[in-house]
Structure formats: C-alpha cells, structure tokens
Amino acid sequence: MGERVKFEIEGQIGIATLSRPEKLNALDTKTRLELKEVVEEAEKSVRVLVITGSGKAFAAGADINELLQRDPIKALEATKLGTELFSRIEELEIPVIAAVNGYALGGGCELAMACDIRIASEKAKFGQPEINLAIIPGAGGTQKLPRLVGLGMAKRLVLTGEIIDAQTALRIGLIDEIVEHERLMEKAMEIAGKIVEKSPLAVKIAKKALNASLGMPLREGLRYEASLFSLLFASEDAKEGMRAFLEKRKPEFKGR
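The residue count restarts for each chain, going from 1 along the sequence in the order it is written. For this predicted model, a pLDDT threshold of at least 70 governs which residues receive local features, and a threshold of 80 or more governs which side-chain atom pairs are given and counted, while totals over whole chains, interfaces and linings are taken from all residues. With hydrogens and water excluded, all non-hydrogen atoms of the structure serve as input to the side-chain values.

Now, about the layout of surface pockets: what can you tell me, with residues and values included?
The definitions used throughout rest on a 1 Å grid laid over the protein atoms alone, on which a cavity is an enclosed set of points accommodating a 1.4 Å probe that cannot get out and a pocket is an open set flanked by protein within 12 Å on both sides along at least five of seven lines; lining residues are those having an atom within 4 Å of a point. Grid points are joined across faces, edges and corners, and a volume is the space filled by probe spheres set on the points. For the largest pocket, the calculated volume is near 730 Å³. Along the walls of the largest pocket sit 22 residues, with Glu90, Asp116, Leu210, Asn211 and Leu214 positioned nearest its centre. Only DSSP runs of H or I covering at least 4 residues are called helices, and only runs of E covering at least 2 are called strands; the numbering of each starts at the N terminus. Mapped by element, the contributors of at least two residues to the lining of the largest pocket are helix H3 (72-91), helix H4 (107-114), strand S7 (117-121), helix H5 (141-149) and helix H9 (200-212). Amino acids are sorted into nonpolar (Ala, Val, Leu, Ile, Met, Phe, Trp, Tyr, Cys and Pro), charged (Asp, Glu, Lys and Arg) and polar (every other residue, Gly among them). For the lining of the largest pocket, the per-class residue count stands at 11 nonpolar, 4 polar and 7 charged. Considered as a void within the structure, the second largest pocket measures approximately 590 Å³ in volume. As for the second largest pocket, its lining consists of 31 residues, of which Ala62, Leu67, Arg70, Ile135 and Ile136 are closest to the centre. Counting residues per element, the ones that place at least two in the lining of the second largest pocket are helix H1 (29-45), helix H2 (64-68), H3 and H4. Residues that form the lining of the second largest pocket fall into these classes: 17 nonpolar, 7 polar and 7 charged.

As structure tokens, then:
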C-alpha cells in the first residue's frame, strides 16, 4: 500500500504493519495518511483488520522533529488528522485488532485504544508521555484513556508521563490479553479467525451497538440495542444461523 504501512491479506483477514522501524514507527503525517488509505482498503476487502508494528515498536508516538516545526494552526491541523484517523478506525464496519508488539506511546497508545481488541506481547510498553514535552495528548488520549482505565489511573499516566509494562496495562484494563512475543500474531490471527466465522452482518451490527453504548444513557441504549436486535431477524444469516444450530451443522453465512 505504501512505504511506511504494509498491507497484506490472508484469507479474509487484513494485516497492516507500520514499517518504519528505524524511527520506532513514529506516526508522522505521511504514516498517518498511508494508514488511512490502508484502513479504507481493508473495509472494502477483508472481514477483520489486524494492526501491528515492525521492529521494537508498535508506534512510538509522533515524530518530534515534525512537532518542533508546528505553530498552533499547524498543530490543530495535525491533531485533526490523527483524531479523524483514529475515529475512522473506531467506526470501521469491520473489527480491528491491535497486536501490540512493542512500544505504544503517545499517538501509538491512542492508535491501540482506537482498535476494538488489544492483544499485547510481553515486551509491550504503554504510555502517554506528552507531558514530558510540555504538551498533552492530542488525538484522544485524555478522552479515551479514562473510559478504559478509569479517571484516576488516566490522570496518573497523563500527568506523570509514566510508561507502563504489559502486565500493568492488563491489570488496569488498557489491554485484553498478554501473549509470548513469538505468539503475538498467531494469537491475533486466531481471534480474527473466530470473528471471520461469524455472520459479517451480525458482527457489523454488534460493533455498532457496542460503540453506541459509550455515548448513550442506559435506557436509550437499551432501546437502540432492541431495534438492531429486531432488525437482524430480517436477515438470511439469522435464519441460517438458527437452522444450522438446530441441524447441528456449521452455518454458511453470506452477509445478508
């Protein structure tokens, strides 16, 4: 797909690899634009997207040389690009799995948080160290981190710039699972494979309902869930899933 983000397809699973290891896969403007292209392509061509990094990092934040050149207007434009990219990943119709292989700092941590499922290598490190540069997270760190780990822990991480290991990230709820470094992609592909076996329509609707839960009062969310639940009964996949269950066979879903 590009120089800085490699895109491969294995069956119905897409793999996007940030490939700028000499810069610890820093998320400069060009890298973000390439990742945006990959995300758009993945939505059209695969059922699940896995995002990972090459070398020692998943993504070690922004490119500091690029940051140094920005005035407030350029900074606003740049953070808008990052926010739009991460929001696009969150709202993608297909699930996105972060396979965090190493450093996930600053924008890299924000990228991981934009994904639906986060699996980490035992070597992974996480943090929002922007405070060390006398700035703050600018692409969702102060908004998404509290929703995942709670306000108190989010304040500690953002205000101290502390970098935490995978075990701590798991304990506070920032990631979902830790695996041996050599098994990281195997585990991510295993989870992706389980999702691929499901009805693509039901997966799409389930992700939509889950995302909506964060922005709705409970009563409104329950009504929204009920409407989506009912809507799926018009699908061929729902009938196929129920028949297959009763007939004790594997369902053949067609996404309609």
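Resuming the write-up.
Break down the pairing of strand S2 (residues 13-18) for me, with residues and values.
The buried fraction of S2 is high, at 6 of 6 residues. A two-sided burial pattern is seen for S2, the buried positions comprising Ile13, Ile15 and Thr17 on one face and Gly14, Ala16 and Leu18 on the other. One ladder, built from 6 bridges, connects strand S1 (residues 5-10) with S2; its direction is antiparallel. By the bridge assignment for S2, lysine 6 is matched with threonine 17. Sheet topology note: the S2/strand S3 (residues 48-53) ladder contains 6 bridges and is parallel. When the bridges of S3 are listed, isoleucine 15 appears paired with valine 50. Crossover handedness is defined here as right-handed if the route from the first strand over the helix to the second strand goes clockwise, with the strands pointing away from the viewer. This β-α-β element, S2 to H1 to S3, shows right-handed connectivity. Only protein chains enter the area calculation, which uses a 1.4 Å probe; residues under 20% of their type maximum are buried, those over 50% are exposed, and those in between are partly exposed. Here, a strand pair is defined by DSSP locating no fewer than two bridges between the strands.

So, the side chain of arginine 118: which residues are in play, and what are the values?
Structurally, arginine 118 is set in strand S7. The side chain of arginine 118 is buried and forms no salt bridge, while aspartate 176, the nearest opposite charge, is found at 4.8 Å. Counting of polar contacts relies on pairs of N or O atoms within 3.5 Å, with two restrictions inside protein: one atom must be capable of donating a hydrogen and the other of accepting it, and residues adjacent in sequence are counted only when both atoms are side-chain atoms. Side-chain polar atoms of arginine 118 contact the backbone oxygen of leucine 174, separated by 2.8 Å. His residues and chain termini do not enter the charge count, which takes Lys and Arg as positive and Asp and Glu as negative. Criterion for a salt bridge: a side-chain nitrogen of Lys or Arg within 4 Å of a carboxyl oxygen of Asp or Glu.

Describe in detail the side chain of glutamine 128, supporting the description with residues and values.
By the secondary structure assignment, glutamine 128 is in the loop between strand S8 (125-127) and H5. Given the relative accessible area of 1%, glutamine 128 is considered buried. A distance of 3.4 Å separates a polar side-chain atom of glutamine 128 from the backbone oxygen of glycine 106. Beyond its immediate sequence surroundings of up to four residues, glutamine 128 is in contact with Gly106, Cys109, Glu110, Met113, Pro137, Gly141, Leu145, Leu157, Val158, Gly161 and Glu162. Residues are treated as being in contact if the distance between any of their heavy atoms lies within 4.5 Å.

Give me the sheet that holds strand S4 (residues 57-60): which residues, what numbers.
In spatial order, the strands read S4-S6-S8-S9; together these 4 strands make up an open sheet with mixed pairing. At either end of the open sheet lies a strand with only one pairing partner, and these are S4 and strand S9 (163-165). Taking each pair of neighbouring strands and ignoring which way they run, the sheet shows an average axis angle of 20°. Relative to strand S6 (residues 103-105), S4 runs parallel, the two sharing 3 bridges. Only the contacting stretch of a helix is used when fitting its axis, a line to C-alpha atoms as for every element, and angles between N-to-C directions run 0 to 180 degrees.

Please set out the pairing of S7 residue by residue, giving values where relevant.
Moving residue by residue along a regular strand, the side chains alternate between the two faces of the sheet. Buried residues dominate S7, accounting for 4 of its 5 residues. Pairing geometry for S7 and strand S10 (residues 177-179), over 3 bridges, is parallel. What sits directly across from isoleucine 119, in S10, is glutamate 177.

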